[in-house]
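Below, each chain spelled out in residue letters.
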Amino acid sequence: MSETKLAYQKSDYTGKPSTLCKGCGHDSITNAIIESYFQLGVNPSSVIKLSGIGCSSKTPTYFIDKGHGFNSVHGRMPSVATGANVANLKLPTIGISGDGDTGSIGLGQFLHCARRNVDMVYIIENNGTYGLTKGQFSATADLGSKAKRGAANPYPTLDACALAIDSGATFVARSFSGDRKQMIALMKAAFSHKGIAVLDIISPCVTFNNHEGSTKSYLFAKENDVPLHELNYVPEAETIEVEMKEGEVRSIELHDGSHLTLKKLDKDYNPGDKGEALKLINESIASKTLATGLLYYQPDFPDHNTILNICSTPLVYLNEAELDPGPDPIAKLNASMK
Amino acid sequence: MDKIVNDFSIRVATVNGTGSQSSNNILFKSLFRMGVGACGKNMFPSNIQGLPTWFQIRVSPQGYQCLRENDDIAILMNAVTAHDDIASMRPGTTIMYSSDTIKFRDDEIKPGMVMYPLPVEELAKKITNVKLKQLLKNLFYVGAVQVLYGLDESIVEGVIRDTFKSKQAAIDANLEALKIGVDYAKEHFKKTDKFVFEKGNVNNGKIIMEGNAAAALGSLYGGCTVLAWYPITPSSSLAESLIGYFEKYRKDKDGKGKYAAIQAEDELSSAGMVIGAGWAGARSMTTTSGPGISLMSEFIGLAYYAEVPSVFMNVQRVGPSTGLPTRTQQCDTLLCAFASHGDTKHIMLFPSTINECFEMAQETFNLAERFQTPVFFMTDLDLGMNNWVDKELTYTKPKYDRGKVLDKEGLDKVKDWGRYLDVDKDGICYRTLPGTDHPKGAYFTRGSGHDEYARYTESPLAYTRNMDRLNRKFDTAKKEMPKGIVRGEAGAKIGLIAYGTSDHPVQETLDRMKNPNIKYMRLRAFPFGEDVEAFIKSCDKVFIVEQNRDGQMRQLLETQIRGYQDKMDSILYYGGFPLSADFIERTLKGKL
């Protein structure tokens, strides 16, 4: 991030007023997104923000009015983002999805987007319910968790983070919409990552999934949130904050040279180990705790545009002079097709 | 004895996956190089290996690119289909067959049939390249055809050399097998049928090409930079050809690609990628067939309503459902005209020839960006996957029409910009590309209700205004579509209308009937321009010739150009093989 932080005001990152329910966790996520972009000083006009359908997918209108937004079709944000990202690899790409959008109708696109390592931040605003259609279970609802009308979910949960890791995502984190500090640290790291950064953010639904018996309620999340690390994101140009003592800090270099530092809490967790990440998630599901933080990080795998070997000039700006192969290939083909 | 020179049809029946395609192409290409007007069609199964396949070669002085219903010579190498094949041959025709695997009863052989038994398995023992024996057996019938019908020996040899290029071992093995066939025919066959090839000059300035390759080349020259696709017969070779051209002609000095080609996980995803890339400002396309269009339909509606340039190339096959996936039809006309839920309608182009595949493919990108909408390039398996003889392709220096795009400087000049404001009153609005570094450059794209400034709204008035403007845009498009091509006298009162591959047999039908009261319009695009209505209006009776059951183009004409329903009639073929003039002529005469 070469832009100086002072180039933009916080107001450059705001959007339209939210039309979500009062107290919705999604609004906290929106605020964290605004704060993270602001702190990083990203040019707001360069940001593209995409979504599918659902409550979560409405949120791109609530931040960065100055960037182009695309509210596409249900579950298909990943493909639209992939297309936009290859067409113009210079644009910071953020996709906002929900648990219905990602975990059910769009599961295939989510996994393939992870597998391609598309250079984007993929945020799942996960409340374990279909809010917009008034409270049906989603695939990320926990086994046995209760819907608003009291029925228990008979199916096991799909864990978006485990699926993302398995599919090849290179940055996978979980957070909680009530933990602003952690969200901002993770988002800033995610925005700096080259490749896909999946953030599964538990965001309780205040209307349809915030009652006793739901494992994605605010109270449940607040009481069962076990942060993996205390996170602190440090851009390249700055020194590591002094309050961190040596020995407590694990520093991970991101692609743009910036660093993500992890402060260990109660265990020595290595986010570079896929097996350990999946084990932790499985334990987390079994014990019904929320292991939050950076679960998995693999900085060495090339992102989708690198895999495709796309030239540095965005494809959208290539003109006739750069694209026209001229008359020779046609003359040669004509001669060869006889 | 009377000779029939360069005007007959050959059917070669083989087993799929045994290497017969290579032999058939050698046969076809040799005729082409001899200057004989040749047409080759492959009737292949949905199968990798083992099921029956037929290759039909028709030669004609006019070089017609469509088949006859009946063949004059059958080369039967597949024991499974041989009895059905001979049953479909008429008296007096010629049958060459693999005599150690096929035994015909006397009652199967019709009066006047000329029989050439070719002991393929016995001759195969002479092949020294044991590894390639199975493939090389197919050269025997090429050798026999060379002797019996007069293929030029040096031309056949030249074709074999060009086919296998620098692979000397393959060339030697093929030439050896060819010679085994030649020697056997010379020694054992007495020519008693009338058919002969003679060198001609009808192929000067012509090439052999598949429509899919031509469309791919057109996409390259049309400035396509993003291809997202999912494999489906018969469109896969279009995508694969384009990738081949990309790799060859679209690398920058550092070896990086000035393109992105993505094989998506399904058709929904490929449509999404195309729309994402089109929204971002790239010329993007997908290749698919009917089932893919069905899957993409939700996205197509989004692109229509959110007004995102996007190109959909549909190489049609036989539906519904899986249908006959390796056979040809024009059965997606209505599907593509109105793809998606809600009020949607789309621009379609209908190429008929290799040159049109090349040229119209380029034009689809201009139309998509000019009208900011999905554009359908409607071809079919026959045009896409068969080898066609057509005139050489012509290079035209490309000039991309990027449509109404406001960049930073453009935004400075306008006082009031709204993404869906109809400033020019032609229904086409100004868009900006994501990343435009200007405080008022951004807008929000959505499939939900939006006003002139791209703001979310559920207002009935705003919704209606927007839908009416989309109609105006479609009306503007009507004036800019390629016109129909008319043949015949203006005063003729019987009209034929056809499109795409149906053009070739219709042209032949007109040549045969020489009826001055029949004229013909070949449609090349939807929406229909005023010329289409004028044509219909000038006729007492109009027959729409198409390759589907329900007369889909006729339905489209009836709903889009009202008031002429009573004079419209259909000539429909939907069996999955390419349409023939025999069928059209017979059906038309029955209706006149």
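Keep in mind that this is a model prediction, so the values were computed, not measured. (Residues numbered from 1 in each chain as written. Chains lettered and ligands numbered in written order. Predicted model: local features only at pLDDT ≥ 70, side-chain atom pairs only at ≥ 80, totals over all residues.)

1. A short note on the overall build of chain A
Secondary structure summary: chain A contains twelve helices and 13 strands in total. Put simply, chain A has 338 residues, and 56% of those count as buried. Within chain A, contacts between residues separated by at least 24 positions form 73% of all contacts whose residues are at least 6 apart in sequence. (Helix = DSSP H or I, 4+ residues; strand = E, 2+ residues; numbered from the N terminus. Buried ≥ 20, exposed ≤ 12 C-beta atoms within 10 Å, placed from the backbone. Contact = placed C-beta atoms within 7 Å.)

2. Remarks on the confidence of the model for chain B
Looking at chain B, the pLDDT average stands at 97 and 100% of residues meet or exceed 70. Prediction confidence for the complex, expressed as pTM and ipTM, is 0.94 and 0.96 respectively. (pLDDT = per-residue confidence, 0-100.)

3. What about the pairing of strand S3 (residues 38-43) of chain B?
Residues and elements named next belong to chain B. S3 sits mainly inside the fold: five of its six residues count as buried. In terms of strand pairing, S3 meets strand S4 (residues 52-59) through six bridges, oriented antiparallel. When the sheet's bridge partners are listed, Met43 is paired in S4 with Trp54. (Pairing = 2+ DSSP bridges.)

4. Some words on the pairing of strand S7 (residues 171-176) of chain A
All names here are of chain A. Among the six residues in S7, six count as buried, and that is most of the element. Taking every second residue as pointing to the same face, both faces of S7 are buried, with Phe171, Ala173 and Ser175 on one and Val172, Arg174 and Phe176 on the other. In terms of strand pairing, S7 meets strand S8 (residues 196-202) through six bridges, oriented parallel. Looking at the pairing, Phe176 lines up with Ile202 of S8. Assessed by its sense of winding, the connection that carries the chain from S7 through helix H7 (residues 180-192) to S8 is right-handed. (Right-handed = clockwise from strand over helix to strand, strands pointing away.)

5. A word on unusual backbone geometry
All names here are of chain B. Of the consecutive residues Thr233 and Pro234, the connecting peptide bond is found in the cis state with omega at 5°. With respect to the secondary-structure elements, Pro234 resides in the loop between strand S10 (226-229) and helix H9 (236-249). Note that the residue after Phe526, namely Pro527, is joined by a cis bond; omega there is 5°. If you check the backbone angles, Lys165 has positive phi at about 45° while not being a glycine. With respect to the helices, strands and loops of the structure, Lys165 is situated in the loop between helix H6 (153-164) and helix H7 (168-188). A positive phi angle, near 45°, is found at Lys514, a position not held by glycine.

6. A closer look at the interface of chain B and chain A
Across the contact, 57 residues belong to chain B and 48 residues belong to chain A. Mapped onto the side of chain B that touches chain A, the elements with two or more residues apiece are strand S9 (206-210), helix H8 (211-221), S10, strand S11 (260-263), helix H10 (267-280), helix H11 (290-306) and strand S17 (444-446) of chain B. Split by residue class, the side of chain B that touches chain A holds 31 nonpolar, 15 polar and eleven charged. In this structure, strand S2 (residues 68-71) of chain A lies alongside S17 of chain B, joined through three bridges in parallel fashion. Note that in S17 of chain B the partner of Asn71 of chain A across the bridge is Arg446 of chain B. (Nonpolar A, V, L, I, M, F, W, Y, C, P; charged D, E, K, R; others polar.)

7. Regarding helix H18 (residues 530-537) of chain B
All names here are of chain B. The set of residues buried in H18 consists of Val532, Phe535 and Ile536. Down the axis of H18, the buried side of the element spans an arc of 95°, and every buried residue falls inside it. The secondary structure elements touched by the buried residues of H18 are strand S18 (485-487), strand S19 (494-499), strand S20 (518-523) and strand S22 (541-546). (Arc of directions from axis to C-beta.)

8. Describing the nonpolar core
The tendency in soluble globular proteins is for nonpolar side chains to be buried as a group. By size, the foremost hydrophobic cluster in this structure holds 256 residues, and its most contacted members are Val198 and Leu199 of chain A together with Val226 of chain B. When sequence neighbours within four positions are dropped, the list of residues in contact with Val198 of chain A reads Ala114, Tyr122, Cys161, Ala164, Ala169, Phe171 and Val172 of chain A. Judged by nonpolar contacts, the second largest core, of five residues, contains Leu20, Cys24, Cys205 and Val206 of chain A. (Core = buried A, V, L, I, M, F, W, Y, C linked by C-beta atoms within 7 Å.)

9. Looking at the sheet that holds strand S7 (residues 114-118) of chain B
Residues and elements named next belong to chain B. Across the sheet, six strands lie side by side as S3-S4-S2-S5-S6-S7; this open sheet has mixed pairing. In this open sheet, the two strands that pair with only one neighbour each are S3 and S7. This sheet shows a mean twist of 15° between the axes of neighbouring strands, independent of strand direction. Examined bridge by bridge, strand S5 (residues 73-76) and strand S6 (residues 94-98) share four bridges and lie parallel to one another. Directly across from Ile75, in S6, lies its bridge partner Met96. This element, helix H1 (residues 20-33), spans strand S2 (8-15), S3 and S4 of the sheet and lies at about 5° to S4. The strands touched by helix H5 (residues 139-150) within the sheet are S5, S6 and S7, with S7 carrying the most contacts at an inclination of about 140°. (Axes fitted to C-alpha atoms, helices over the stretch in contact; angles between N-to-C directions.)

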